[in-house]
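The lines below spell out each chain.
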Amino acid sequence: MKLLLIEDDKEISEMLCNYLAAEGFDLVSAYDGQEGCERFRESRFDCVLLDLMIPKKSGLDVMKYIRQTSTAPIIIITAKDTDMDKTVGLGLGADDYITKPFSLTEVVARIRANIRRNTRYAQASAQEETKKLICGALMMDTEAYTVAKNGVLLDLTAREYEILKLLLKHPKKVYTKEQIYNQVWKDAYLGDENAVNVHISRLRAKVEDDPRKPVYIQTVWGIGYKLGEADG
């Protein structure tokens, strides 16, 4: 796990670096806010340890900079211990707050807890994202097994749903009729195109504004079908 430590007190910085390196962390140090932003821009970090009272650019400004592009945990390490400082720091995107003097074992525990929490959040967000497949005005909820167009639920058969799901999950891929049949019917394709053609036609009638000019389910002549780049 890679950490960024932004601390202008070199004695504290060196102590933290030595201890955290011994705990298996990869440390990058910065001694002022400007350097901290530069180091953050150069690499990806699992957690940031940030002193509020640093030169050139304040800890609060560094926090704002980090939060423009990253959800990496930020743990404030500072001598300031007022409710206002905590409220401002946490309100600007800090995840935790440790006051000097601190216990090194506590710092390690807080780092690991925040990284673990952030990892779980990222995984949950990714899983939630994959439950919803969207193209233009169409939205498929793979958990609820529903498809809506402009918020209105569509009445699809199981095979129509699976064909649309296949195209939505792989929007750049062109599928042959044989590939669609194999993956949706779960059976060997014997060259009969009628089953796929009929289901594509019925699906278009339900999802397209004008089935004669399909936007969502497009024909790639001589090959098969693909998802169209609909604007909604």
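To be clear, the structure that these remarks concern was listed above.
Residues numbered from 1 in each chain as written. Predicted model: local features only at pLDDT ≥ 70, side-chain atom pairs only at ≥ 80, totals over all residues. Heavy atoms only, no water.

Caption draft 1: Local environment of the sheet that holds strand S11 (residues 217–220). Reading across from one edge, S10-S12-S11 is the order of the three strands in this open sheet, with antiparallel pairing throughout. This sheet does not close on itself; its edge strands, each paired only once, are strand S10 (175–176) and S11. Relative to strand S12 (residues 224–227), S10 runs antiparallel, the two being bridged by two bridges. Bridging from a neighbouring strand, Thr176 pairs with Gly224 of S12. Docked against the sheet, helix H6 (residues 158–169) engages S10, S11 and S12, running at close to 65° with respect to S12. (Pairing = 2+ DSSP bridges. Helix = DSSP H or I, 4+ residues; strand = E, 2+ residues; numbered from the N terminus. Contact = heavy atoms within 4.5 Å. Axes fitted to C-alpha atoms, helices over the stretch in contact; angles between N-to-C directions.)

Caption draft 2: View of the pattern of salt bridges. Summed over all chains, the structure comprises 14 salt bridges. Where Arg39 meets Glu35, a salt bridge forms, and the shortest distance between an N and an O atom there is 3.4 Å. Within this pair, Arg39 and its partner Glu35 are both found in helix H2 (residues 33–42), separated by four residues, close to a single helical turn. Between Asp96 and Arg110 there is a salt bridge, and its shortest N-O distance comes to 3.0 Å. Highlighted residues: Asp96 in strand S5 (residues 96–99) and Arg110 in helix H5 (residues 104–131), separated in sequence by 14 residues. (Salt bridge = Lys/Arg side-chain N within 4 Å of Asp/Glu carboxyl O.)

Caption draft 3: Up close: a negative patch on the surface. Taken together, the side chains of Asp8, Asp9, Glu11 and Glu14 define an acidic patch exposed on the protein surface. Relative to the assigned elements, Glu11 resides in helix H1 (residues 10–22). When its relative accessible area of 67% is taken as the criterion, Glu11 is described as exposed. (Patch = residues over 30% accessible without salt bridge, like charges linked within 9 Å, V, L, I, M, F, W, Y side chains within 5 Å. Areas by Shrake-Rupley, 256 points an atom, 1.4 Å probe, with all protein chains shown as cover. Lys, Arg positive; Asp, Glu negative; His and termini not counted. Charge placed at Lys NZ, Arg CZ, Asp CG, Glu CD. Buried < 20%, exposed > 50% of the residue type's maximum accessible area, 1.4 Å probe, protein only.)

Caption draft 4: Molecular detail of the packing of H2 against helix H3 (residues 59–67). Taken N-terminus to C-terminus, the directions of H2 and H3 make an angle of 15°; their axes are 9 Å apart at the nearest point. Our classification of the angle between H2 and H3 gives roughly parallel. In this structure, H2 meets H3 at a crossing whose hand is right-handed. In contact with Gly33, Cys37, Phe40 and Arg41 of H2, H3 contributes Val62, Tyr65 and Ile66. Tallied by class, residues from the contact of H2 with H3 come to five nonpolar, one polar and one charged. (Parallel < 35°, antiparallel > 145°, perpendicular 65-115°, else oblique. Left-handed = near helix turned anticlockwise from the far one by under 90°. Nonpolar A, V, L, I, M, F, W, Y, C, P; charged D, E, K, R; others polar.)

Caption draft 5: Structural view of the packing of H6 against helix H8 (residues 194–207). Relative orientation of the contacting elements H6 and H8 amounts to 80°, with a least axis distance of 10 Å. When the axis of H6 is compared with that of H8, the two are roughly perpendicular. Facing Arg159, Glu160, Ile163 and Leu164 of H6, the residues of H8 in contact are His199, Ile200, Arg202, Leu203, Lys206 and Val207.

Caption draft 6: Focus on the nonpolar core. Among the nonpolar cores identified, the biggest contains 27 residues, and Ile163, Leu164, Ile180 and Ile217 are the most heavily contacted of them. Elements represented by at least two residues in this core include exactly strand S6 (132–135), strand S7 (138–141), H6, helix H7 (177–185), H8 and S12. In this structure, Ile180 is in contact with Ile163, Leu166, Tyr175, Trp185, Val196 and Tyr225, ignoring residues within four places of it in sequence. With 18 residues, the next largest nonpolar core counts Ile12, Leu16, Cys47 and Val108 among its residues. (Core = buried A, V, L, I, M, F, W, Y, C linked by side-chain atoms within 4.5 Å.)

Caption draft 7: Here's a closer look at the packing of aromatic side chains. Applying the stated criterion to the full structure yields three aromatic pairs. With a centroid separation of 6.1 Å and an interplanar angle of 20°, the aromatic rings of Phe40 and Phe45 are classed as stacked. Of the two residues, Phe40 and Phe45, neither departs from the other in class, the shared state being buried. Measuring from centroid to centroid gives 4.9 Å for Tyr181 and Trp185, while their planes differ by 5°, and the two rings are stacked. (Phe/Tyr/Trp six-rings, centres within 6.5 Å; stacked < 30°, edge-to-face > 60°.)

Caption draft 8: Local environment of unusual backbone geometry. In this model, Lys100 is joined to Pro101 through a cis peptide bond whose omega is -10°. Inspection of the secondary structure assignment puts Pro101 in the loop between S5 and H5. The phi angle at Tyr145 is positive, at roughly 60°, despite the residue not being glycine. Note that Tyr145 resides in the loop between S7 and strand S8 (146–149). For Tyr145, a relative accessible area of 58% gives the class exposed. Even without being glycine, Asn150 reaches a positive phi, approximately 55°.

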